[in-house]
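Structural overview
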Amino acid sequence: MPDLIEIGKSVVGQAKAGEEIEAYLVWERETSIRVYQASVESLTGAESSGIGIRVIRGNRVGVSYAGTLERAEIERALEEARDNSRFASEDPHSGMASPDGVEAPTLDLWRGDILTTPTAHKIELAMELERAVKARDSRIRSLNSSNYGDVSVEGAVVNSAGIASYTQQTYCWLWAYALAGTDDETQTGYGMHASRDVAGLDLAFAANEAAEKATRMLGATKPASGLFTVILEPDIASSFLAIAASTLSADAVQRGRSIFAGRLGEQVASPLVTLVDDPGDPRFFSAAPYDDEGLASRRNVLFQDGMLKGFLYDSYTARKDGTSSTGSAIRGGIAGSTTPGPRATMALPGQSSPEQILAEAGDCYLIQSISGIHSGVNPISGDFSVGAEGIRVRGGELAEPVKEFTISSNLQKMLLDVRAVGNDLTFRPGGTAGLTLAIDNVNVSGT
Amino acid sequence: MTLLDETVVQKALGRALARGGDFAEIFVEEKATFSASLEDSLVEELASGTSRGAGIRVRFGDTTGFAHTADLSEAGLNRAIEAASSLARGSTSRAAQVAVTPRIFVPLAHEKAIPGSVAKDRKIELLRRLDAAGRGQGAAIRQVNAGYSDSLRRFLVANSDGVFVEEEQVRTRLSISCIALGDTGMQTGYETAAMTMGFELFDDIDVDELAARAAIRAIQKLSARPTPSGPMPVVLAGQGGGVLFHEACGHGLEADHILKASSVYAGRVGETVASPLVTLVDDGTVTNQWGTYSHDDEGNPAARNVLIENGVLSDYMWDSTQGSRERRASSGNGRRQSYAHLPMVRMTNTYLMPGSQSPDEIIADTEHGIYVAKLGGGQVNTATGDFVFGMTEAYLIENGQITAPLRDANLIGNGPEVLANIDAVADDFAIIPGTCGKDGQSVPVGCGQPTVRITKVTVGGTAGA
């Protein structure tokens, strides 16, 4: 594998007088195995790499990328970024991140066994997962697919202001999508387990989850409409908290796109909710010692007992607000732009187990899957309306399965209506941890 | 200029099948993109770049080996071939010698307006016009975000069945998002224009009107009331986008879901699956639409495929992998996001054919319900048929009249049930551009329909019905 820092330095070293250059480099290796009915449906193995270059001249920003680390292509991208900068508006706040003296956490996120485990063993894991899901319950008709995947990623950020950061991480996952039922009825369930190393994969966990989620939906009907408490399972709560955290990006706030603009110090969520973004916590699969501008990761408190404590900044938005970066720069790949945002968010776990939360809520709905997040949640107006599946809860006990209904409210209102936070913190690939979350006064639309 | 020499292609295919396998394919792609955005009336960073690489696919029985590389040298291709064919080792080779037919080359239709030949400041000028026109709709408009992007994608696909196709595709897109602020908080309005063509797109598009539509939508929604909750009649405007059909039956008619019996439409060809008013077509040949191409990413020609005719299911959509399992031809629906992705069955431009009623007639004939003027995105579970789609501009219908604007919400239904509940189809029609995601891959598609009425679908608002 190439020396990313070295390549980055050779690009940045070409900065002319009055010019700043940033190079963002990635090198990635991936495996993806899909098994269907005891044979390999597809096996993908590949290496890829690329560079994103940002040039600032006279307070004007230009960017470019190349999907390779070949010398000639990098040179072409640099010239292109320079040319692009000529057309941008002058922005006095533009600039690169500068070293800020914050020490990066030491994180051990790379496991060699991802690269050394024979492909045959990875295939066997996906095969075994398919067998295991079927063996869990005779009502499992088939699996849409049973999958193994892994990635090994190295990244570097080098800039002409003195930044030179390097990150590396591996992770792998097993997932299955099960179909349960007879000819008359089909229900589906998704199960997954992820780990930094192949040895840490818990196949039984993924198999149980897929089988249970699919079979417990058998016989599901459309529920009656009404106002209810909903209990979000950890995966669903993770999606919900991810949307809430995205509105705390200083970029959204400064552009007048956040419902939380100008509300620092206000009670914006239930006192049960303490929300932190902590990419230095290695339990997150998104953990990294540095952000995508090369600044050290740090722990940022967003809500303390429901009170709005802070926003997430990269160096540009920090300069605009006369503050410092929170190490929250996120770059959407080599061709993406850099904005601040949540990198590793979690609600601090509460005292109650999921069972206690169910028992206390009494009459409610347990939500196991949602759909239409991108079409039904507007983080600017806060309107929230998504499709849902789950289990009706009566007297604190799981009762009949329900599907084809929507749950709707408003993002701000839902945060204030949180009535319980579970103690079951779970980490899966993605930037937000999950835990059971109970929310009052949600509209259920069914029959 | 060819992406890869014919002799290199032949050699690569031969090598890919040297140790066994039924089918080998090489897909070489070069894609150049450009984008620019404007916010706070400032032109933000312009971004451009190129990616180039090859994907190698080797199939033996029902197994596909796949590898991709950005290194198009002989050594780079050989490494990818080695990886893609590793599982085929020891199986019987169908074709060790590969002959390809004379190549088919489809050049761009509009060479003058390809992205690289248009000055960057002309593209930026469009953003400034959008900004001015959006803000011109009133002081309530507090924020305008405008985006321009274009891409030039060239690919070469050749396989051991003798296909050798080279194609160029150029796409251009302009979008605007307006934020209005009022006593009730913030509301957004969004519009986009996107076609498979070059900068000549703007010969036909009224940029000022596009901006005005987005701005007016945001302002009108400031007075929107909570959307009702529960099942009710819904009229979907012909200009609003056909995402309902994309979700309610489009995905469920993709052959990969059918062959795994993970679609509610599996095994139902020849059966009535929708109201007799429903004739659904997937058509990759509609001139310049967002989901249009000459050849799909497996080298098969795009086609017009009738999926449902007068309510009866006539056929599914196929790529070559699923087609080979059923010993039938691809329907030209094999697509991939890039050379680094495996092709699979995807929609192109999917639309409902117009009927005979006028849109006004349908609204006047609806006593109580919802009128959806603009649809958002959607999602479906093909195995259960349950799907959602969003509405981003909607109104109440009271006594046959369109009345109060409503807040954004999702609607939920079950594919076959909703299709059976379509009781009116108008004579208007429009196709709207969109991005379709499946298994982590995004491709451009078109969704179209005339104005239609569904007698009953569940609306996910926060107010009582």
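This one's a predicted model, so the numbers in the text were calculated from it and none came from an experiment.

Considerations on the packing of aromatic side chains
Scanning the entire structure with this criterion turns up 16 aromatic pairs over all chains. A ring pair is formed by Tyr365(A) and Phe405(A), whose centres lie 5.7 Å apart and whose planes are at 40°; its orientation type is tilted. Linking Tyr365(A) in strand β14 (residues 364–371) with Phe405(A) in strand β16 (residues 397–410), this pair joins segments that are 40 residues apart in sequence. When its relative accessible area of 0% is taken as the criterion, Phe405(A) is described as buried. Here the aromatic residues Phe34(B), Tyr148(B), Phe199(B) and Phe202(B) are joined through ring pairs into a cluster of three or more. The ring centre of Phe34(B) lies 4.5 Å from the NZ or CZ of Lys123(B), which sits over that ring. Arg336(B) extends its terminal NZ or CZ atom over the ring of Phe27(B), reaching a point 3.9 Å from the ring centre.

What to know about empty space enclosed by the protein
Inspection of the entire model under this criterion finds 2 cavities of 30 Å³ or more. Each pocket or cavity is described by its volume, and for the largest cavity that value is around 40 Å³. Around the largest cavity, the lining residues are Leu232(A), Ile236(A), Ser239(A), Phe240(A), Ile370(A), Ile373(A), Phe384(A), Val386(A), Ile407(A) and Met414(A). Among the secondary structure elements, those contributing two or more residues to the lining of the largest cavity are α6 (234–246) and β15 (383–394) of chain A. When residues in the lining of the largest cavity are grouped by element, the largest group, 3 residues, is from α6(A). Residue classes in the lining of the largest cavity are distributed as 9 nonpolar, 1 polar and no charged. Its boundaries defined by the atoms lining it, the second largest cavity holds a volume of some 30 Å³. Lining of the second largest cavity is provided by Arg54(A), Val63(A), Arg331(A), Gly336(A), Ser337(A), Thr338(A) and Glu45(B). When the residues that make up the lining of the second largest cavity are grouped by side-chain class, the tally is 1 nonpolar, 3 polar and 3 charged.

Some thoughts on the packing of helix α1 (residues 6–16) of chain B against helix α2 (residues 74–85) of chain B
In a packed pair of helices, the relevant descriptors are the angle between the two axes and the axis-to-axis distance. Residues and elements named next belong to chain B. α2 packs onto α1 with a crossing angle of 30° between their chain directions and a minimal axis gap of 9 Å. On the basis of the axis angle, α1 is roughly parallel to α2. The element α1 and its partner α2 pack so that their crossing is right-handed. On α2, the residues touching Val 8, Lys 11, Ala 12, Arg 15 and Ala 16 of α1 are Glu 74, Leu 77, Asn 78, Ile 81 and Ser 85. Of the residues belonging to the contact of α1 with α2, the class tally is 5 nonpolar, 2 polar and 3 charged.

Observations concerning the domain arrangement of chain B
All names here are of chain B. Here the domain parsing of chain B yields domain 1 (6–221) and domain 2 (229–460). Opposite the 41 residues of domain 1 that make contact, domain 2 presents 34 residues. Roughly 3,000 Å² of surface becomes buried between domain 1 and domain 2 when both sides are summed, with 49% attributable to carbon and sulfur atoms. In this assembly, domain 1 and domain 2 are joined by 18 residue pairs in polar contact (both at pLDDT 80 or more). Those elements that provide at least two residues to the side of domain 1 that touches domain 2 are β1 (23–39), β3 (46–60), β4 (63–69), β5 (104–106), β6 (141–159), β7 (164–182), β8 (185–195) and α5 (207–221). Taken together, the residues that form the side of domain 1 that touches domain 2 break down as 14 nonpolar, 14 polar and 13 charged.

Here we look at the sheet that holds strand β12 (residues 312–313) of chain B
Residues and elements named next belong to chain B. Strand order in the open sheet formed by 6 strands is β12-β11-β10-β15-β22-β21, and the pairing between neighbours is mixed. What marks the edges here is a single partner per strand, and that holds for β12 and β21 (430–438). Bridge analysis of strand β11 (residues 304–309) against β12 gives 2 bridges, and the strand direction is antiparallel. Across the sheet, the residue bridging to Ile 308 is Leu 313, located in β12. Contacting β10 (280–283), β11, β15 (349–352), β21 and β22 (441–449), helix α6 (residues 243–250) runs over the sheet at an angle of about 110° to β22.

Looking at the interface of chain A and chain B
Counting residues at the interface gives 77 residues for chain A, matched by 71 residues for chain B. A buried area of about 5,400 Å², summed over both sides, lies between chain A and chain B, and 45% of it is on carbon and sulfur atoms. Our count for the chain A to chain B interface comes out at 10 salt bridges. Notably, a salt bridge pairs Asp83(A) with Lys120(B), separated by 2.6 Å at the nearest N-O pair. Applying the counting rule to chain A against chain B returns 51 residue pairs in polar contact (both at pLDDT 80 or more). For the side of chain A that touches chain B, the element with the highest residue contribution is strand β2 (residues 39–57) of chain A, accounting for 10 residues. In the side of chain A that touches chain B, the residues fall into 20 nonpolar, 38 polar and 19 charged.

Describing the layout of surface pockets
Its boundaries defined by the atoms lining it, the second largest pocket holds a volume of some 820 Å³. What lines the second largest pocket is a set of 33 residues, among which Arg29(A), Gly45(A), Ala46(A), Glu47(A) and His68(B) lie closest to the centre. Secondary-structure elements contributing two or more residues to the lining of the second largest pocket are β1 (19–36), β2, α3 (113–116), α4 (119–136) and β4 (140–159) of chain A together with β4 and α2 of chain B. If one sorts the elements of the lining of the second largest pocket by residue count, β2(A) sits on top with 7 residues. Each residue belonging to the lining of the second largest pocket can be placed in one class, and the counts come to 12 nonpolar, 13 polar and 8 charged.

Criteria and thresholds
- Residues numbered from 1 in each chain as written.
- Chains lettered and ligands numbered in written order.
- Predicted model: local features only at pLDDT ≥ 70, side-chain atom pairs only at ≥ 80, totals over all residues.
- Heavy atoms only, no water.
- Phe/Tyr/Trp six-rings, centres within 6.5 Å; stacked < 30°, edge-to-face > 60°.
- Helix = DSSP H or I, 4+ residues; strand = E, 2+ residues; numbered from the N terminus.
- Buried < 20%, exposed > 50% of the residue type's maximum accessible area, 1.4 Å probe, protein only.
- Lys NZ or Arg CZ within 6 Å of the ring centre and 35° of its normal.
- 1 Å grid on protein atoms, 1.4 Å probe; cavity = no way out; pocket = protein on both sides within 12 Å on 5 of 7 lines; lining within 4 Å.
- Points joined across faces, edges and corners; volume = space filled by probe spheres on them.
- Nonpolar A, V, L, I, M, F, W, Y, C, P; charged D, E, K, R; others polar.
- Axes fitted to C-alpha atoms, helices over the stretch in contact; angles between N-to-C directions.
- Parallel < 35°, antiparallel > 145°, perpendicular 65-115°, else oblique.
- Left-handed = near helix turned anticlockwise from the far one by under 90°.
- Contact = heavy atoms within 4.5 Å.
- Domains from an automatic or database assignment.
- Buried area = accessible area lost by both parts, 1.4 Å probe.
- Polar contact = N/O pair within 3.5 Å; in protein donor to acceptor, adjacent residues only side chain to side chain.
- Pairing = 2+ DSSP bridges.
- Salt bridge = Lys/Arg side-chain N within 4 Å of Asp/Glu carboxyl O.

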